[in-house]
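In case you want the letters, here they are:
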Amino acid sequence: NAGVTQTPKFRVLKTGQSMTLLCAQDMNHEYMYWYRQDPGMGLRLIHYSVGEGTTAKGEVPDGYNVSRLKKQNFLLGLESAAPSQTSVYFCASSKTDNEQFFGPGTRLTVL
Amino acid sequence: GENVEQHPSTLSVQEGDSAVIKCTYSDSASNYFPWYKQELGKRPQLIIDIRSNVGEKKDQRIAVTLNKTAKHFSLHITETQPEDSAVYFCAASMKDTGRRALTFGSGTRLQVQP
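If you're wondering where the values come from, they're calculated on a predicted model, not measured in any experiment.

Thresholds, definitions, all that
- Residues numbered from 1 in each chain as written.
- Chains lettered and ligands numbered in written order.
- Predicted model: local features only at pLDDT ≥ 70, side-chain atom pairs only at ≥ 80, totals over all residues.
- Heavy atoms only, no water.
- Buried < 20%, exposed > 50% of the residue type's maximum accessible area, 1.4 Å probe, protein only.
- Helix = DSSP H or I, 4+ residues; strand = E, 2+ residues; numbered from the N terminus.
- Pairing = 2+ DSSP bridges.
- Salt bridge = Lys/Arg side-chain N within 4 Å of Asp/Glu carboxyl O.

Draft legend 1. Structural view of the pairing of strand E3 (residues 19-25) of chain B. All names here are of chain B. Going residue by residue along E3, you find Ala19, Ile21, Cys23 and Tyr25 tucked away on one face and Val20, Lys22 and Thr24 left uncovered on the opposite face. Looking at chain direction, strand E1 (residues 4-7) and E3 are connected through four bridges and run antiparallel. Opposite valine 4, over in E3, you have tyrosine 25 as the bridge partner. As defined by bridge partners, E3 adjoins strand E8 (residues 72-77) across six bridges and the pair is classed as antiparallel. Along E8, the bridge assignment pairs threonine 24 with histidine 72.

In structure tokens, the structure reads:
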């Protein structure tokens, strides 16, 4: 039982490049979330999903897109990376309104 | 939307002392309040949570209190140990249709001095 996993762990991009972050969970959770964590600002919600095939915007969605084609996977895409997107990205999953389980994070640097 | 404020941003205590971290929230409809601990370079992990139908909850050295009228909740750690050193985040669940996304406070860096 791996819990929540994220790929990759680290990535460096140049401005304008694109990439996809993958989140996978093996706990059969309905809800999945993408957060970004910046120094002194806690975690902020980017997008979330309440089930397979559904996505919705969170607090800071601009510049990101998501997809939830399979229940166990939640993908976060950056179409044209900007330095302001340098951050640590955490994925989380939960069963409805219970505890959210976080992945190990992806450290992204955009030059 | 929900806004969660957390104080203090840093807290230094001597081993064995108590530590208290306070949070306020803005949305009176919020009804789930978890606390997460994040060690350096690690993922946030839930240490305790409380729902709005309860005023206090304890788990060994950790307790959380909730004042719904004043819209604030607090984390209390007693008999602190060096391994309690970490960043602690409070959060509130936005009571929005169909989701339970969390709004986080900005974090408290707790340092326990041996």
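Draft legend 2. Geometry of the pattern of salt bridges. Within this structure, the stated rule accounts for six salt bridges over all chains. For Glu30(A), the salt bridge is made with Lys71(A), and the minimal N-O distance between the two is 2.8 Å. In this pair, Glu30(A) sits in the loop between strand E3 (19-25) and strand E4 (31-37) while Lys71(A) sits in the loop between strand E7 (64-67) and strand E8 (73-78), placing the two residues 41 residues apart along the sequence. Salt-bridge contacts for Lys37(B) lead to Glu39(B); the nearest nitrogen and oxygen are separated by 3.6 Å. A relative accessible area of 17% places Lys37(B) in the buried class. Linked by salt bridges that have partners in common, Arg36(A), Asp38(A) and Arg44(A) make up one network.

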